[in-house]
Amino acid sequence: MKKLAVFTFILLSAFQLKAQDEAYVSELKNLMDMNFMSSNMGAENCAAMFNMLFTQAKGQLPYKTDEERTNAATKYAKQYYDTQAKQDLSEIFAPYYAKHLTIEELRTITATLEQEKYKEACQKLNGNEMQGFMQQKSAEMTMSVLGAIMQGKEPEPFIDASEKQSSHYLTFEKYMQQTGLNEGMTNMFKIAMGNAGTEEEKAIMNKILSYIEKVLPEVVYLAYKEKATEDDLKTIIELYEKPEFKKMSLATNDIMSDAMNMSMKYLQKIGEWLGTQDLQ
């Protein structure tokens, strides 16, 4: 009888933990629905992943031409993103957020972000339009820096010294520090470039990373300057002075530092979902 009671307790504890996990994931999904967390893995990135998977598996798919395969990848990417992506991303992100935030703190964040002034600023600074623009600027920066280094030149700054003393730029620097964005993005570049093989390749990568660390704030500033006002930045700074948001920035940095692993988990989720579809 005692053994039965212990076994029953273990089962009930496991059930409660599972219910708590599901509640936590559900709360994260509420943030996803506000387009606050998922912009880095938005619709365009989802479509790119589907195209990559469909290209790799083209010999096993029922499509006769590259055009048919591309059209199918686009179709299923949209279907997945609209119906399943946020749930899967919430499950992937949950362990990282749970290290820093309780579910009650998550609910406080959600309630705060529903306030109009915060919602508007977050949409400007974290929306898909901003992320696409930042990706474009980052690509331009990488090519500029790489081209100059390969020619033995010192890459030039992206903004002049006088603008770096402007109120807008100084507010932006505080925004980058408060949100941890600079550290997170730098770690992503380090991970992306960390696979150099030869000593010569490593030396070039180190030069690129060294300069990227210097100019990254300037590049991100140019992107934000075109899409958001100084008041928007001040609103987000105010937001991240709240204790729950400080903790959330730690979780976000954990995720950005583990970006390659995140992408692999996301691809696995996509693969599992595709396994349930009748591809045609």
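Structure first, text after, so check above.
Since we're looking at a predicted model, the values are computed, not measured. (Residues numbered from 1 in each chain as written. Predicted model: local features only at pLDDT ≥ 70, side-chain atom pairs only at ≥ 80, totals over all residues. Heavy atoms only, no water.)

Asker: Explain the overall build of the protein to me, and be specific about the residues and the numbers.
Answerer: A tally of helices and strands in the protein yields 13 helices and zero strands. If you list the helices and strands of the protein from N to C, you get α-α-α-α-α-α-α-α-α-α-α-α-α. Long-range contacts, defined as pairs at least 24 residues apart, comprise 84% of the intrachain contacts of the protein with a sequence gap of at least 6. Accessible area of the protein: about 15,800 Å², with a carbon and sulfur share of 54%. (Helix = DSSP H or I, 4+ residues; strand = E, 2+ residues; numbered from the N terminus. Contact = heavy atoms within 4.5 Å. Areas by Shrake-Rupley, 256 points an atom, 1.4 Å probe, with all protein chains shown as cover.)

Asker: Break down the packing of aromatic side chains for me, with residues and values.
Answerer: How two aromatic rings sit relative to each other is given by the distance of their centres and the angle of their planes. The tally for this structure, following the rule as stated, stands at 16 aromatic pairs. For the ring pair Phe 54 and Tyr 63, a centre distance of 6.2 Å and an interplane angle of 15 degrees mean the geometry is stacked. Ring centres 6.2 Å apart and planes at 50 degrees place the aromatic pair Tyr 80 and Tyr 266 in the tilted group. Of the two residues, Tyr 80 sits in helix α3 (residues 66-83) while Tyr 266 sits in helix α13 (residues 259-274), which places them 186 residues apart along the sequence. Given the relative accessible area of 0%, Tyr 80 is considered buried. For Tyr 266, a relative accessible area of 0% gives the class buried. An aromatic cluster of three or more residues is present, and its members are Phe 50, Phe 54, Tyr 63, Tyr 76, Tyr 80, Tyr 266 and Trp 273. (Phe/Tyr/Trp six-rings, centres within 6.5 Å; stacked < 30°, edge-to-face > 60°. Buried < 20%, exposed > 50% of the residue type's maximum accessible area, 1.4 Å probe, protein only.)

Asker: Give a detailed account of the side chain of Glu 218, specifying residues and quantitative values.
Answerer: Structurally, Glu 218 is set in helix α10 (residues 199-227). Reaching out from Glu 218, the side chain makes a polar contact with the backbone nitrogen of Phe 158 at a distance of 2.8 Å. When near neighbours in sequence (up to four residues on either side) are disregarded, Glu 218 contacts Pro 157, Phe 158, Ile 159, Lys 164 and Tyr 169. (Polar contact = N/O pair within 3.5 Å; in protein donor to acceptor, adjacent residues only side chain to side chain.)

Asker: Let's hear about the nonpolar core: which residues, and what values?
Answerer: If you look at the biggest cluster of nonpolar residues, it comprises 69 residues, and the most contacted ones within it are Phe 50 and Tyr 175. In terms of residue count, the dominant contributor to this core is α10 (eleven residues). (Core = buried A, V, L, I, M, F, W, Y, C linked by side-chain atoms within 4.5 Å.)

Asker: Lay out the pattern of salt bridges in plain terms, naming residues and giving numbers.
Answerer: If you walk through the whole model with that rule in mind, you get twelve salt bridges. Residue Asp 33 pairs with Lys 29 through a salt bridge whose shortest N-O separation is 3.8 Å. Separated by four residues within a single helix, Asp 33 and Lys 29 lie in helix α1 (residues 2-33), roughly one turn from each other. For Asp 33, a relative accessible area of 45% corresponds to the partly exposed category. Salt-bridge contacts for Asp 232 lead to Lys 124; the nearest nitrogen and oxygen are separated by 3.1 Å. Of this pair, Asp 232 sits in helix α11 (residues 230-240) while Lys 124 is found in helix α6 (residues 116-126), placing the two residues 108 residues apart along the sequence. When its relative accessible area of 9% is taken as the criterion, Asp 232 is described as buried. (Salt bridge = Lys/Arg side-chain N within 4 Å of Asp/Glu carboxyl O.)

Asker: Give me the lowdown on the environment of Lys 242, citing residues and values where you can.
Answerer: For Lys 242, the location among the structural elements is in the loop between α11 and α12 (243-257). With 133 residues separating them along the chain, Lys 242 and Ile 109 place their C-alpha atoms 9.3 Å apart. Other than its neighbours up to four places away in sequence, Lys 242 contacts Thr 112 and Tyr 118.

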